[in-house]
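The chain contents come next:
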Amino acid sequence: MSRSCGPALLEGIGDLTDLAQGRQVSTRHTVKFSEDTDARTQGRRDSGGSPHRPPSQEYPVSTSRPRRSRLALVLAATFGLVVALAQGVVGPASASSLPAPTSMVVKAYSDPAVIGASLAGAPADAIPTVLAGKGDAFLVSVTLRAGTLDAAFPNDQDVTLTASGPGALPSATRTIPGGATTTVFTVSYSAEATGVKVQASAGKGNKAVSGTSNAFDVNRVLSFVPGASEKLRDGTAGADGAGCAVVDRDHPMCGIVVLPKGASSDVALSLGLCPAGESCVKGALVTQMIANLTDATGTRIYDRSNPARMEIICDKSLCGKAGVPSFTALWSRSAVGALVAVPPCASKGVIDSTLEYCTDYRASQRDGAGDVHLVVWFLDDVRGSI
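Thresholds applied
Residues numbered from 1 in each chain as written. Predicted model: local features only at pLDDT ≥ 70, side-chain atom pairs only at ≥ 80, totals over all residues. Heavy atoms only, no water. Helix = DSSP H or I, 4+ residues; strand = E, 2+ residues; numbered from the N terminus. Buried < 20%, exposed > 50% of the residue type's maximum accessible area, 1.4 Å probe, protein only. Core = buried A, V, L, I, M, F, W, Y, C linked by side-chain atoms within 4.5 Å. Contact = heavy atoms within 4.5 Å. Disulfide = S-S within 2.5 Å. Pairing = 2+ DSSP bridges. Axes fitted to C-alpha atoms, helices over the stretch in contact; angles between N-to-C directions. 1 Å grid on protein atoms, 1.4 Å probe; cavity = no way out; pocket = protein on both sides within 12 Å on 5 of 7 lines; lining within 4 Å. Points joined across faces, edges and corners; volume = space filled by probe spheres on them. Nonpolar A, V, L, I, M, F, W, Y, C, P; charged D, E, K, R; others polar. Polar contact = N/O pair within 3.5 Å; in protein donor to acceptor, adjacent residues only side chain to side chain. Salt bridge = Lys/Arg side-chain N within 4 Å of Asp/Glu carboxyl O.

Novice: Just give me the short version of the overall build of the protein, but keep the residues and values in it.
Specialist: If you tally the helices and strands in the protein, you get six helices and 23 strands. A burial count over the protein gives 43% of its 386 residues as buried.

Novice: Outline the nonpolar core, supporting the account with residue identities and numerical values.
Specialist: If you look at the biggest cluster of nonpolar residues, it comprises 40 residues, and the most contacted ones within it are Leu259, Val267, Met289, Leu293, Trp331 and Phe378. Listing elements by their share of this core, those giving two or more residues are strand E14 (253–258), strand E15 (267–273), strand E16 (285–290), strand E17 (308–314), strand E18 (330–332) and strand E22 (372–378). For methionine 289, the contacting residues outside a window of four places in its chain are Val257, Leu259, Val267, Ala268, Leu269, Phe378, Asp381 and Val382.

Novice: Residue-level account of the state of the cysteines, with values.
Specialist: Counted according to the given criterion, the structure contains four disulfides. What pairs with cysteine 244 in a disulfide is cysteine 254, and their sulfur atoms sit 1.9 Å apart. Between cysteine 244 and cysteine 254, the S-S dihedral sits near -70°, and the bridge is therefore left-handed. Here cysteine 244 is found in the loop between helix H5 (231–234) and E14, whereas its partner cysteine 254 is found in strand E14, with ten residues between them in sequence. Of the two residues examined, cysteine 244 and cysteine 254, each falls in the buried class. Between the sulfur atoms of cysteine 345 and its disulfide mate cysteine 358 the distance is 2.0 Å. Where cysteine 345 bonds to cysteine 358 through sulfur, the torsion about that S-S bond is close to 95°, and the disulfide is right-handed. Here cysteine 345, found in the loop between strand E19 (340–341) and strand E20 (357–359), pairs with cysteine 358, found in strand E20; they are 13 residues apart in sequence, far enough to count as distant. Across the pair, exposure class does not vary: cysteine 345 and cysteine 358 are buried alike.

Novice: Requested: an account of the sheet that holds strand E7 (residues 173–176), with residues and values cited.
Specialist: Here we have four strands laid out as an open sheet, ordered E7-E6-E10-E11, and antiparallel in their pairing. The open sheet terminates on both sides in strands that have one partner only, identified here as E7 and strand E11 (209–212). Sheet twist, expressed as the average angle between the axes of neighbouring strands with direction ignored, equals 25°. Pairing between strand E6 (residues 157–163) and E7: four bridges, direction antiparallel. Residue pairing for E7: glutamine 157 is matched across the bridge by isoleucine 176.

Novice: Explain the sheet that holds E19 to me, using residue names and the numbers behind them.
Specialist: Strands in a sheet are paired, the pairing made by backbone hydrogen bonds, and the direction either parallel or antiparallel. Reading across from one edge, E13-E15-E16-E23-E18-E19 is the order of the six strands in this open sheet, with antiparallel pairing throughout. Two strands bound the open sheet, and with one partner strand each, they are strand E13 (221–225) and E19. The sheet contact formed by E18 and strand E23 (residues 382–385) spans three bridges and is antiparallel. Each bridged residue has a counterpart across the sheet, and for leucine 330 the counterpart in E23 is serine 385.

Novice: With reference to specific residues and values, describe the layout of surface pockets.
Specialist: One way to see where empty space is left: roll a probe the size of a water molecule over the atoms. Taken as a whole, the second largest pocket spans an internal volume of roughly 380 Å³. Considering the residues around the second largest pocket, the lining is formed by 23 residues, among which Pro128, Asp217, Gln288, Ala335 and Arg383 are closest to the centre. If you list the elements that add at least two residues to the lining of the second largest pocket, you get strand E9 (193–196), strand E12 (216–218), E15 and E16. Split by residue class, the lining of the second largest pocket holds twelve nonpolar, eight polar and three charged.

Novice: Which residues make up the side chain of serine 265, and what are the values?
Specialist: Turning to its location among the elements, serine 265 is positioned in the loop between E14 and E15. With relative accessibility at 9%, the residue serine 265 sits in the buried group. Side-chain polar atoms of serine 265 contact the backbone nitrogen of asparagine 292, separated by 2.9 Å. If sequence neighbours within four positions are ignored, serine 265 has contacts with Ser118, Leu119, Ala120, Gly227, Ala291 and Asn292.

Novice: Lay out unusual backbone geometry with the relevant residues and their values.
Specialist: Glycine 165 connects to proline 166 through a cis peptide bond whose omega is 10°. With respect to the helices and strands, proline 166 occurs in the loop between E6 and E7. A positive phi angle is found at cysteine 244, which is not glycine, with a value near 55°.

Novice: Please provide a residue-by-residue account of the pattern of salt bridges, values included.
Specialist: Scanning all chains against the criterion turns up eight salt bridges. Between arginine 300 and glutamate 356 there is a salt bridge; the shortest N-O distance is 2.9 Å. Residue arginine 300 is found in the loop between E16 and E17, and its partner glutamate 356 is found in the loop between E19 and E20; the two are separated by 56 residues along the sequence. Under the relative-accessibility criterion, arginine 300 is labelled partly exposed at 33%. Using a relative accessible area of 25% as the deciding quantity, one classes glutamate 356 as partly exposed. Here aspartate 380 and arginine 300 are joined by a salt bridge, their closest N and O atoms 2.7 Å apart. Of this pair, aspartate 380 sits in the loop between E22 and E23 while arginine 300 sits in the loop between E16 and E17, and the two are 80 residues apart along the sequence. Exposure remark for aspartate 380: the relative accessible area of 17% places this residue in the buried category. If you follow the salt bridges from partner to partner, you end up with Arg300, Arg304, Arg333, Glu356 and Asp380 in one network.

What follows is the structure in structure tokens.
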């Protein structure tokens, strides 16, 4: 029960001090503890509807001079009560009184502050929960539960963090502070991969708890280009972070994004593996572009007559020697949506009135080195492959 220490208690302490020093005090004095807070909390009310105030608890103080040893005990008890009240001993349950954990909830995600600073205004469904390249930092939170209740370890507890292959986290053992319900760790992953999950485990024997995070992808490369950068206009903004200058057997696919009017935020460009279950060419990579492509009024910067462009470059080792029209671009406007076939454009350089994106086979080609360049026009954030 939470109690408040009123002026009467302080006066009572003063009188007790006077007694200890041999001074006379009033014939009778009362030390009071207010119960108003408990009455309001518990909803007790009298018939008039006002909060019910229980009678004050009275502790008489004698005017006769007690023995010093007896008075010392009274003083010690009184000051002990004041200290207890000040330290919250008499009050709501502290973190140390939380139940022992019986389960663990693990979540992997990118730092919201970092994403908000770089990609403000970008469509939420275009941003994956974890947006990271290999070696890039992201967060893992570990929340302890006991059924539906918050839980905690009473003392600092080692927690082991591991991840599904082929990569790994840099440090396996971390610490959950005693009394902490949720602890957030900064980690990174050492390889490009799809469907990565982080496992956390703590405790031993029948007190051990563990959990597994949501699945996420880690890209081969992730870079951020300022929305006003000339690279977005001159065709050198490549998903590999190097303008797609090298496309070969070891770097079989890359995407170049052209935004003639720039973007209202930074532009995130990533290059990663095609997720399992998608109909990509074997060994294909996926280029993703995330940005705010609206102006201050919320109107799209790009329209069907003046669209944004992605040029997907596929090395001849992957795309063979077949004619360009035999290749189909795969596309998604969401971070986790299935990649679907991109329809052809009816006219060069524009998007049909009924489409949100299209492949411009008239602008596409196979270059002198035998690599395929497939051009797709679009309006919003995208993931593209072949």
